[in-house]
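Spelled out, the chains give:
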Amino acid sequence: LVFKVSIVVVAALGGAGLVASNVFAALTATATNTSGGSVTTGTLKLQLAPSGVSGITAGFTSPISAMGPGDTFNRYIDLSNTGTLDGASPTLQIVTADSNTLVNSAPAGLQVTITACSIAWTNAGVCSGTPTVALASTPVSTIKASAQSLTLPSVLVGGVNYLKISTTLPLGTENVLNGVLPSGTVQGLTAALTWTFVIQERAAVTNNS
């Protein structure tokens, strides 16, 4: 019995010796790139600025006052993609803390139409290039409730959209009796609007270069 146990121990030690010998005999080869290898991410930037044309440079900074039914006030802005990634799916949503007929009523409240021009608008509000309806007449109440899709000439890198923002108060009839404004009036109201333009990143790409 003693003799058999001794054989087992020797065999175990021999096996361990074989394993150690195989590890030290392994070969390794390594390769690395000697240049390049950098990764740079792009940027998606949307810049809103008043028109640069003399005479219509106020943009949204110019308030609309003493507006009456049937009036239309135009404001001119340049909307540009100043990033390094192409954009897609442009939208507009209006945000306001005010709650009155101007922003809550679809038929009686403010209406917005946006027209794009292929070149800058003249200071007389004329598009000498190609006009595009970016947003058909839409109630502010609708644009406030959810973002509306825009049809813009370009949201690609470097693209500039020359936009005319037309805000209209629809025609309507009200009777002020003994100096008391009627319920749901459009008179004597104020609505501070924040115009929020958004573009999404263009579709993801796979590049095999």
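Here, the structure is the one placed above.
Residue positions within a chain follow its written sequence, with the count starting from 1. The predicted origin of the model limits local features to residues at a pLDDT of at least 70 and limits the giving and counting of side-chain atom pairs to 80 or more, whereas totals for whole chains, interfaces and linings rest on all residues. Water and hydrogen atoms were dropped before computing side-chain values, which therefore reflect all heavy atoms in the structure.

Undergrad: Describe the sheet that holds strand β4 (residues 111-117), with residues and values.
TA: Strands pair, by our definition, only if DSSP identifies at least two bridges between them. Only DSSP runs of H or I reaching four residues or more are called helices, and only runs of E reaching two or more are called strands; each is numbered from the N terminus. Reading across from one edge, β1-β2-β7-β4-β5 is the order of the 5 strands in this open sheet, with antiparallel pairing throughout. Edge positions in the sheet fall to β1 (46-50) and β5 (131-139), since each of these pairs with one other strand and no more. Along the sheet, successive strands turn relative to each other by an average axial angle of 25°, direction set aside. Sheet topology places β4 next to β5; 6 bridges connect them, and they run antiparallel. In the sheet register, T115 faces β5, and the bridge partner there is V133. Axis definition: a line fitted to C-alpha atoms, over the contacting stretch in the case of helices. Angles run 0 to 180 degrees between N-to-C directions.

Undergrad: For the pattern of salt bridges, give the residues involved together with the corresponding values.
TA: In what follows, salt bridge is the name for a side-chain nitrogen of Lys or Arg lying within 4 Å of a carboxyl oxygen of Asp or Glu. By the definition in use, this model includes 1 salt bridge. When the shortest N-O distance is used, the salt bridge between R202 and E201 registers 3.2 Å. With a relative accessible area of 24%, R202 lands in the partly exposed category. Accessible area is worked out with a 1.4 Å probe on protein chains only. A residue is then buried under 20% of its type maximum, exposed over 50%, and partly exposed in between.

Undergrad: Provide a residue-level description of the pairing of strand β7 (residues 160-168), including the pertinent values.
TA: Working note: regular strand, side chains alternate between the two faces of the sheet. Bridge analysis of strand β2 (residues 72-81) against β7 gives 9 bridges, and the strand direction is antiparallel. Considered in β7, the bridge of I77 is made with L163. Across 7 bridges, β4 lies against β7 in antiparallel orientation. By the bridge assignment, T113 is partnered in β7 with S166.

Undergrad: Tell me about the sheet that holds strand β6 (residues 148-149), and please be specific about residues and values.
TA: On the basis of which strands lie adjacent, the open sheet formed by 3 strands has the order β6-β3-β8 and antiparallel pairing. In the strand order of this sheet, the two ends are held by β6 and β8 (194-201), each with one partner. Where strand β3 (residues 87-95) lies against β6, 2 bridges are found, and the strand directions are antiparallel. In the sheet register, L92 faces β6, and the bridge partner there is Q148.

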